[in-house]
Amino acid sequence: MIIHFLKQREVRNIALVVVTADRGLCGSFNTNIIRRTLALIEERKSELQGGKVKLICVGKKGFDYFSRHKKDFEIVGSFTGLFRKTIEYSWVQEIMKRIVDGFLMEEFDRVEIIYNEFKSIVQQRIVVEQFLPIVSKLEVVKPSKGVKVPIVEYIYEPDPKSILKDLIPKYLETHILRVLLESNAAEQAARMTAMDNATENANELLKDLQLLFNKTRQAMITKEMLEIASGAEALRKAGMM
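Q: Lay out the packing of helix H2 (residues 29-47) against helix H3 (residues 60-68) with the relevant residues and their values.
A: Axis separation between H2 and H3 bottoms out at 10 Å; the angle between their running directions is 45°. By the criterion of interaxial angle, the relationship of H2 to H3 is oblique. Crossing of H2 over H3 shows right-handed handedness. Across the interface between the two elements, Asn 30, Ile 34, Thr 37 and Leu 38 of H2 pack against Lys 61, Tyr 65 and Phe 66 of H3. Residues belonging to the contact of H2 with H3 are distributed by class as follows: 4 nonpolar, 2 polar and 1 charged.

Q: Tell me about the nonpolar core, and please be specific about residues and values.
A: Within soluble globular proteins, side chains that are nonpolar generally end up buried alongside one another. In this structure, Val 19, Val 58, Ile 99, Val 111, Phe 131, Leu 132 and Leu 180 are the most contacted members of the largest nonpolar core, which totals 32 residues. At the level of secondary structure, the elements contributing two or more residues to this core comprise helix H1 (2-6), strand E1 (14-19), strand E2 (53-58), strand E3 (73-79), helix H4 (89-104), strand E4 (110-120), strand E5 (123-132) and helix H5 (160-237). Ranked by the residues each element gives to this core, the list is headed by H4, at 7 residues. Among residues more than four places away in sequence, those in contact with Val 58 are Val 17, Val 18, Val 19, Thr 20, Phe 79, Leu 82, Phe 83, Ile 95 and Leu 180. Ile 34, Leu 40, Leu 55 and Ile 114 belong to the second-largest nonpolar core, a separate cluster that totals 15 residues.

Q: Which residues make up the pairing of E3, and what values go with them?
A: Look at any regular strand and the pattern is simple: side chains alternate between the two faces of the sheet. Among the 7 residues in E3, 5 count as buried, and that is most of the element. In this sheet, E3 lies alongside E2 in parallel orientation, the contact comprising 6 bridges. Looking across to E3, one finds that Ile 56 is bridged to Gly 77. On the question of chirality, the crossover connecting E2 to the parallel E3 by way of H3 is right-handed.

Q: I'd like a description of the packing of H4 against H5, backed by residues and values.
A: At a minimum axis distance of 9 Å, the contact between H4 and H5 shows a crossing angle of 115°. When the axes of H4 and H5 are compared, the crossing they make is right-handed. Listed contacts from H5 to Tyr 89, Val 92, Gln 93, Ile 95, Met 96 and Ile 99 of H4 are Pro 169, Leu 172, Glu 173, Thr 174, Ile 176, Leu 177 and Leu 180. Partitioned by chemical class, the residues of the contact of H4 with H5 number 10 nonpolar, 2 polar and 1 charged.

Q: Outline unusual backbone geometry, listing residues and values.
A: Glycine aside, the phi torsion of most residues is negative, and most peptide linkages are trans. Along the chain, Leu 132 connects to Pro 133 via a cis peptide bond; the corresponding omega equals -10°. Along the polypeptide, Pro 133 turns up in the loop between E5 and H5. For Leu 25, which is not glycine, the phi dihedral falls at a positive 60°. You can see Leu 25 is positioned in the loop between E1 and H2. Owing to a relative accessible area of 66%, Leu 25 belongs among the exposed residues under this scheme. A positive phi angle is found at Glu 106, which is not glycine, with a value near 60°. Looking at the secondary structure, you find Glu 106 in the loop between H4 and E4.

Q: Describe the sheet that holds E1, and please don't skip the residues or the numbers.
A: Across the sheet, 5 strands lie side by side as E3-E2-E1-E4-E5; this open sheet has mixed pairing. Of all the strands in the sheet, the pair left with one neighbour each is E3 and E5. Here the strands of the sheet are splayed against their neighbours by 25° on average, with no regard to which way each runs. Examined bridge by bridge, E1 and E4 share 5 bridges and lie parallel to one another. Bridge pairing in E4 places Ile 14 opposite Arg 110. Sitting on the sheet, H5 touches E1, E2, E4 and E5, and the angle it makes with E4 is about 40°.

The rules behind each value
Starting afresh in each chain, residues are numbered from 1 along the sequence in its written order. Residue-level local features of this predicted model are given only where pLDDT is at least 70; pairs of side-chain atoms are given and counted only at 80 or more, and the full residue set underlies all totals for whole chains, interfaces and linings. As a rule here, side-chain values cover all heavy atoms of the structure and leave hydrogens and water aside. To define axes, lines are fitted to C-alpha atoms, for helices over the stretch in contact only, and angles between the resulting N-to-C directions are given on a 0 to 180 degree scale. Think of it this way: any DSSP run of H or I at least four residues long counts as a helix, any run of E at least two long counts as a strand, and we number them from the N terminus. Any angle between 65 and 115 degrees counts as roughly perpendicular, while under 35 counts as roughly parallel, over 145 as roughly antiparallel, and the rest as oblique. Handedness of a crossing follows from how the near helix is turned relative to the far one, being left-handed for an anticlockwise turn of less than a right angle and right-handed for a clockwise one. Throughout, a residue-residue contact means that at least one pair of heavy atoms, one from each residue, lies within 4.5 Å. Under the convention adopted here, Pro, Cys and the residues Ala, Val, Leu, Ile, Met, Phe, Trp and Tyr are nonpolar, Asp, Glu, Lys and Arg are charged, and Gly plus all remaining residues are polar. In this text, buried Ala, Val, Leu, Ile, Met, Phe, Trp, Tyr and Cys residues form a nonpolar core when linked through side-chain atoms within 4.5 Å. Three exposure classes are used, based on accessible area relative to the maximum for each residue type with a 1.4 Å probe and protein chains only: buried under 20%, partly exposed in between, and exposed over 50%. Here, any two strands with at least 2 DSSP bridges between them count as paired. Whether a crossover is right-handed comes down to one check: with the strands pointing away from the viewer, does the path from the first strand over the helix to the second run clockwise; if it does, it is right-handed.

Following this line, the structure appears as structure tokens:
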């Protein structure tokens, strides 16, 4: 089974794991992910010849949007309510099981994850990365000419196959956990920024309304004083005062 996680095969169907929030009030956090996903669906459709793009939605906002706008994709999994509480490892295992089962059964031949990566309080970066099959990110550095590289013989205990059998599932689960934590941190940062901007806008609006109120009150007082003065002048001219 381990070799299937590493083996590249002909891509007929692609699964996109879309990670959004469960709640709103976080600025353009969810909108940006949805917009990027729609663009990515069009890109992947052009690569596939007769295949399908399938979505696994993590987060209520993404699921609500894509379930209402089904077009050229199919929702094959949804996980909502994860971000309303502390993220639990059991949820990671559920997501992992759905992805791995679909990949091993060749329901989809490549899995990509789309999520917001936390950079700072005011910046989040949308990341699209391949989840399965596993792609090595190590760069092979070739030695310079004339440099002798010593041959090192490694002894594995247990054997390499047993090590990979344990490490690869743990690596995949840890990867999903990191994605969920990154997205959750980015969501809270986006919400803090959005609420801070909303507070500033509300304070500015309050100042404008207070100024408008004072101007209106002063105009009404001035109008009433003019009416009283005009009435008194009319009575004086009529000899009633």
